[in-house]
Amino acid sequence: MQFIDFKKEHFSKSEETEDYFIEIPKEEIGFGDIEVQQKKDDGLYSKAEFNVEEDINKVTIKMKQPIDIRVNF
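Residues numbered from 1 in each chain as written. Predicted model: local features only at pLDDT ≥ 70, side-chain atom pairs only at ≥ 80, totals over all residues. Heavy atoms only, no water.

## Re the layout of surface pockets
Moving on, step 1. What the largest pocket holds in volume is close to 160 Å³.
Moving on, step 2. As for the largest pocket, its lining consists of Asp19, Gln38, Glu49, Phe50, Asn51, Lys62, Met63, Lys64, Gln65 and Ile67. (1 Å grid on protein atoms, 1.4 Å probe; cavity = no way out; pocket = protein on both sides within 12 Å on 5 of 7 lines; lining within 4 Å. Points joined across faces, edges and corners; volume = space filled by probe spheres on them.)

Shown next, in the form of structure tokens:
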């Protein structure tokens, strides 16, 4: 399994929903399932609460607050 780490600074804020989001092109992560984990203070990762929207070209990960995450694919 591969992964990409994102810092909270990578998130953009939706003015409509007040959520934070990251868009990842499918060509970068493929077309399989993804898992999102949040980085804890001790440097370990645990399951994160998120919503995913997918279309043909990209995956959008939405969260209530921007945090450091790891996307496994």
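Picking up after the structure, the text goes on.
## Comments concerning the pairing of strand 4 (residues 35-39)
Moving on, step 1. Of the pairings in the sheet, the one linking strand 4 to strand 8 (residues 69-72) comprises four bridges and is antiparallel in character. The residue of strand 8 that forms the bridge with Val36 is Val71.
Moving on, step 2. The pairing of strand 4 with strand 5 (residues 45-47) spans three bridges and is classified as antiparallel. Paired with Lys39 across the bridge in strand 5 is Tyr45.
Moving on, step 3. A loop of five residues connects strand 4 with strand 5, the two strands running antiparallel in sequence, and Gly43 in this loop sits at a positive phi of about 90°. (Pairing = 2+ DSSP bridges. Helix = DSSP H or I, 4+ residues; strand = E, 2+ residues; numbered from the N terminus.)

## Some thoughts on the confidence of the model for the protein chain
Moving on, step 1. Mean pLDDT over the protein chain works out to 95, with 100% of the residues at or above the 70 mark.
Moving on, step 2. Highest mean pLDDT in the protein chain belongs to strand 2 (residues 12-13) (98); lowest belongs to helix 1 (residues 26-29) (94). (pLDDT = per-residue confidence, 0-100.)

## Some details on the sheet that holds strand 8
Moving on, step 1. The strand order 1-8-4-5 describes an open sheet built from four strands, whose pairing is antiparallel. Each edge of the open sheet carries a strand with a single partner, namely strand 1 (3-6) and strand 5. Within the sheet, the average angular offset between the axes of one strand and its neighbour, ignoring direction, is 30°. (Axes fitted to C-alpha atoms, helices over the stretch in contact; angles between N-to-C directions.)

## Comments concerning the nonpolar core
Moving on, step 1. One finds Ile24, Ile61, Ile69 and Val71 to be the most contacted residues of the largest nonpolar core, which totals 14 residues.
Moving on, step 2. Put simply, the parts of the chain that give this core at least two residues each are strand 3 (20-25), strand 7 (58-63) and strand 8.
Moving on, step 3. In this structure Ile69 touches Ile4, Asp5, Phe6, Phe11, Ile22, Val36, Gln37, Gln38, Tyr45 and Met63, once residues within four positions along its chain are discounted. (Core = buried A, V, L, I, M, F, W, Y, C linked by side-chain atoms within 4.5 Å. Buried < 20%, exposed > 50% of the residue type's maximum accessible area, 1.4 Å probe, protein only. Contact = heavy atoms within 4.5 Å.)

## Points about the sheet that holds strand 3
The strands making up a sheet associate through backbone hydrogen bonding, with each pair oriented either parallel or antiparallel.
Moving on, step 1. The sheet built from four strands is open, its strands ordered 2-3-7-6 with antiparallel pairing. Only two strands of the sheet have a single partner each, and these edge strands are strand 2 and strand 6 (51-54).
Moving on, step 2. As paired strands, strand 2 and strand 3 are joined by two bridges and run antiparallel to one another. What sits directly across from Ser12, in strand 3, is Phe21.

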